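# Observations on the three-dimensional arrangement
Take a look at the letters that make up each chain.
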Amino acid sequence: MSAAPAGSLPAGFSWAFARDLRLAWRHPGETLLVIAFFVLVASLFPLGVGAEPQLLQRIGPGVIWVCALLAAFLSLPGIFAADHADGCLEQMALSPHPMAGWVAGKIAAHWVATGLPLTILSPLLALQYGLAADTLAVMAFALALGTPVLSLLGGACAALTLGARGGGMLLALLALPLFVPILIFGAGAAEAQASGLSPSPHLSLLGAALIVAVMSLPFAACVAIRIALDSP
Amino acid sequence: MNWFYFSSPSTFYRLAGWLAPWCFVAAALLGAAGLYVGLVQAPTDAQQGEVYRIIFIHVPAAWMSMFLYFVMACYGAAALTFNARLAGMMARAIAPTGAMFTFLALWTGAFWGRPTWGAYWVWDARLTSELVLLFLYFGFIALANAFEDPRRGDRAGALLALIGLVNLPIIYFSVLWWNTLHQGSSVSFKGTSMHVSMLTGMILMTFSFWAYAIGAACTRVRCVILERERRTHWVRSL
């Protein structure tokens, strides 16, 4: 009698992380589309509101944050929907690894494929808006802290809407209100820096939100996937 | 005594049918008393004049919007942990009433803000978090109705309600954490900074709204039960 293969949380995490990253690498179109959307929308604002440098400096951090938030949101259905449609999700749920591990791995891979490129690209857009160097650095740091929270919140919401009617719009109604606090603190950090105040309270709150999200939301996403797979 | 006697939809259907009219009567009586105290007996405010009297709708509605979300999330937790059918139906039945009170709080707030702050809407922490609460209610209603299997809608909605619970302390403490236009609380358990008749009117209106919420939830849950259990013997023999 052979022993059942032992599963572990880190092994499940690294397996799902590597698998989803490899998938993202082999279909680079999706990631590039997210980045293209981010750059395009951020470039529309100066054309829409007028290109006065002072106005652009004022609205820059907020606009870049909203664009990052929308870009992260548009890629959310990709985390679980395809695997749910072809049955992979059920096979993963049957694997010996604890669910929280590979769910967290998939969410982390989503962040590396979307949130991280947006964070790296944001200083370039910030230059388009004429932001000062220190404001720009604070904004990129805030994005680095905030976009993982967006991926975690969005992952839980995406898992909730698996197989639902009206998927995309429903996901918007669920996820975007929950993104609001991250948007406020994230844009607030750069704004505080630009107006000569310390950005550290905003950054601390973003860090606290990240810790709470990492500790709780993978488990919420697990519950949502179990509900979707009807295996309570 | 069997504590779980009313956790079955068939027994709760009868209890809700008995409870709802009494709650509506209580809501009407308390509401009439509260409006009399608030609009006739309470003195005119020294700074705001007569316009402050919108407080007798605004504050109870805002309290109920948060309280009902909490109750809904508790029913959601019961639906998830005990897999109780009735708890999921109750969460569904409460959501529209909660959304209504949230909307009422925002709407009366806009009409109060115009003469006192000079604007219908400001992007203040409390207003924004209350608006997020309205969208959480809408999200719950949309998610609960988005699945073919109603039990799945119950459980998905319950999880969303629990995630959204984070927003309640943000609303409640927003006037303390941020120094904003919306004034802080005048009422606490230690005492109040307002005239006694003003407080009495607010408390009466709160109990009136509370009774209305129970009555509306009971009426709505009866419809949900009938729809869900339409193939059972007890519904057919009604």
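Quick caveat: nothing in here was measured; it's all calculated off a predicted structure. (Residues numbered from 1 in each chain as written. Chains lettered and ligands numbered in written order. Predicted model: local features only at pLDDT ≥ 70, side-chain atom pairs only at ≥ 80, totals over all residues.)

### Examining the overall build of chain B
When helices and strands are counted, chain B shows eight helices and two strands. On C-alpha atoms alone, chain B measures out to a radius of gyration of 20 Å, which is about the 18 Å that the 2.2 N^0.38 rule sets for 238 residues. Considered along the principal axes of its C-alpha atoms, chain B spans approximately 65 × 35 × 30 Å. Looking at chain B alone, contacts between residues at least 24 apart form 76% of all its contacts between residues at least 6 apart. (Helix = DSSP H or I, 4+ residues; strand = E, 2+ residues; numbered from the N terminus. Rg over C-alpha atoms; globule rule 2.2 N^0.38 Å. Contact = placed C-beta atoms within 7 Å.)

### Section: the overall build of chain A
In terms of regular secondary structure, chain A is built from nine helices and zero strands. Reading the secondary structure of chain A in the N-to-C direction produces α-α-α-α-α-α-α-α-α. Its C-alpha radius of gyration of 19 Å places chain A within 12% of the 17 Å reference for a compact globule of 232 residues. For chain A, with 232 residues in total, the buried portion stands at 47%. Restricting the contact set of chain A to residue pairs at least 6 apart, pairs at least 24 apart contribute 83%. (Buried ≥ 20, exposed ≤ 12 C-beta atoms within 10 Å, placed from the backbone.)

### Considering the interface of chain A and chain B
In this complex, chain A contributes 15 residues to the contact, which on the side of chain B involves 16 residues. Elements with a minimum of two residues in the side of chain A that touches chain B: α7 (133-160), α8 (167-194) and α9 (200-229) of chain A. Looking at the side of chain A that touches chain B residue by residue, the class counts come to 13 nonpolar, one polar and one charged. (Nonpolar A, V, L, I, M, F, W, Y, C, P; charged D, E, K, R; others polar.)

### Observations regarding the nonpolar core
What tends to happen in soluble globular proteins is that the nonpolar side chains get buried as a cluster. The biggest cluster of nonpolar side chains holds 142 residues, and the ones touching the most others in it are Leu153(A), Ala156(A), Ala224(A) and Leu159(B). It is α7(A) that provides the largest number of residues to this core, a total of 15 residues. Residue contacts for Ala156(A): discarding those within four places in its chain leaves Leu217(A), Ala220(A), Ala221(A), Ala224(A) and Ile163(B). (Core = buried A, V, L, I, M, F, W, Y, C linked by C-beta atoms within 7 Å.)

### Observations regarding the packing of helix α3 (residues 53-74) of chain A against helix α6 (residues 99-128) of chain A
Helix packing geometry: the angle between the two helix axes and the distance between the axes. All names here are of chain A. The geometry of α3 relative to α6 is characterised by a closest axis approach of 11 Å and an angle of 155° between their N-to-C directions. Taken together, the axis directions place α3 and α6 in an arrangement best described as roughly antiparallel. Between α3 and α6 lies a crossing whose hand is right-handed. Residues Gly60, Ile64, Ala68, Ala71 and Ala72 of α3 pack against Thr114, Gly115, Leu118, Ser122, Leu125 and Ala126 of α6. Classifying every residue of the contact of α3 with α6 by side-chain character gives seven nonpolar, four polar and no charged. (Axes fitted to C-alpha atoms, helices over the stretch in contact; angles between N-to-C directions. Parallel < 35°, antiparallel > 145°, perpendicular 65-115°, else oblique. Left-handed = near helix turned anticlockwise from the far one by under 90°.)

### Things to note about the packing of helix α2 (residues 55-81) of chain B against helix α5 (residues 150-164) of chain B
All names here are of chain B. Relative orientation of the contacting elements α2 and α5 amounts to 130°, with a least axis distance of 8 Å. Regarding the angle of α2 to α5, the classification is oblique. The hand of the α2/α5 crossing is left-handed. Contacts between α2 and α5 involve Met72, Ala73, Gly76, Ala77, Ala79 and Leu80 from the first element and Asp154, Arg155, Gly157, Ala158, Leu159, Ala161 and Leu162 from the second. Looking at side-chain class alone, the contact of α2 with α5 contains nine nonpolar, two polar and two charged residues.

### Topic: the confidence of the model for chain B
Residues and elements named next belong to chain B. When pLDDT is averaged along chain B, the result is 88, and 96% of the positions lie at 70 or above. Taking the mean pLDDT of every element in chain B, the minimum, 63, falls on strand β2 (residues 191-192) and the maximum, 93, on α2. Confidence metrics for the complex model read pTM 0.90 and ipTM 0.86. (pLDDT = per-residue confidence, 0-100.)

### What to know about α7(A)
Residues and elements named next belong to chain A. The first and last C-alpha atoms of α7 sit 40 Å apart over 28 residues, in line with the 40 Å expected at 1.5 Å per residue. Along its length, α7 reaches its greatest deviation from straightness, about 25°, at leucine 145, and the proline proline 148 lies no more than four positions downstream. In terms of burial, α7 is a largely internal element, 22 of the 28 residues being buried. (Expected span 1.5 Å × (residues − 1). Bend = angle between axes of the 7 residues up to and from the residue.)

### What about helix α1 (residues 9-26) of chain A?
Helix length check: α1(A) (18 residues) gives 26 Å between terminal C-alpha atoms against 26 Å at 1.5 Å per residue, within 8%. Along its buried surface, α1(A) packs onto α6 of chain A.

### Some thoughts on the environment of Tyr69(B)
All names here are of chain B. For tyrosine 69, the location among the structural elements is in helix α2. Counting along the chain gives 166 residues from tyrosine 69 to valine 235, while the straight-line C-alpha distance between them is 30 Å. Tyrosine 69 has contacts with Gly98, Leu133 and Leu168, leaving out every residue within four places of it along the chain.

### Some thoughts on the environment of Phe37(A)
Residue and element names in this part refer to chain A. With respect to the helices and strands, the residue phenylalanine 37 is situated in helix α2 (residues 28-49). Phenylalanine 37 sits in the partly exposed class, given 16 other C-beta atoms within 10 Å. Distance from phenylalanine 37 to alanine 68, taken between C-alpha atoms, is 9.3 Å for residues 31 residues apart in sequence. If near-sequence neighbours (up to four positions away) are discounted, phenylalanine 37 is found in contact with Ala71 and Leu74.

### Describing unusual backbone geometry
A positive phi angle, near 55°, is found at Asn83(B), a position not held by glycine. With respect to the helices and strands, Asn83(B) occurs in the loop between α2 and α3 (85-117).

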